[in-house]
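Chain and residue survey
Here's the letter readout for the chains.
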Amino acid sequence: METKGLVLNGQSLIKSRTYPLHAPYDGRLLAHISMADPSDVTAAIAGAEAAFRHMRRLPAHRRAEILLRVADGLARRKEELARLVALEAGKPIRTARAEID
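What comes next is a walk through the structure. (Residues numbered from 1 in each chain as written. Predicted model: local features only at pLDDT ≥ 70, side-chain atom pairs only at ≥ 80, totals over all residues. Heavy atoms only, no water.)

With that settled, the discussion passes to the pattern of salt bridges. All chains considered together, the criterion is met by nine salt bridges. In this structure, K15 and D37 form a salt bridge, with 3.5 Å as the shortest nitrogen-oxygen distance. Of this pair, K15 sits in the loop between β3 (11–13) and β4 (18–22) while D37 sits in the loop between β5 (29–34) and α1 (38–55), and the two are 22 residues apart along the sequence. Notably, a salt bridge pairs D26 with R28, separated by 3.5 Å at the nearest N-O pair. Among the ionic contacts, a cluster of salt bridges with common partners joins K15, D37 and D40. (Salt bridge = Lys/Arg side-chain N within 4 Å of Asp/Glu carboxyl O. Helix = DSSP H or I, 4+ residues; strand = E, 2+ residues; numbered from the N terminus.)

Right under this line is the structure:
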């Protein structure tokens, strides 16, 4: 079964400690999810503070461009994200699609 990593400061990290993620609908094992440890939390906070210092210096139009690129990327992956929400939450795909919208 696949192990999903933590996304920490732009990188996916596979950790030795994981927990199983089961589909609530049928109990099927979907993946093993990496668990953060205290040092990961510290690194995430430091990364967020550094990103904030950088982003606040950008003009509003640049921040808007970045957000629009993110929105476009999410829109391109809408069906994939809806399937993930449906599996993880045990929701009908129609409801998951509405949630992604």
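This part covers the packing of helix α3 (residues 78–89) against helix α4 (residues 93–100). Where α3 contacts α4, the axes come no closer than 8 Å and their chain directions differ by 120°. Comparing the axis directions of α3 and α4 gives the class oblique. For the element pair α3 and α4, the recorded crossing hand is right-handed. Listed contacts from α4 to K78, E79, L81, A82, R83, V85 and A86 of α3 are I93, A96, R97, E99 and I100. A per-class count over the contact of α3 with α4 returns seven nonpolar, no polar and five charged. (Axes fitted to C-alpha atoms, helices over the stretch in contact; angles between N-to-C directions. Parallel < 35°, antiparallel > 145°, perpendicular 65-115°, else oblique. Left-handed = near helix turned anticlockwise from the far one by under 90°. Contact = heavy atoms within 4.5 Å. Nonpolar A, V, L, I, M, F, W, Y, C, P; charged D, E, K, R; others polar.)

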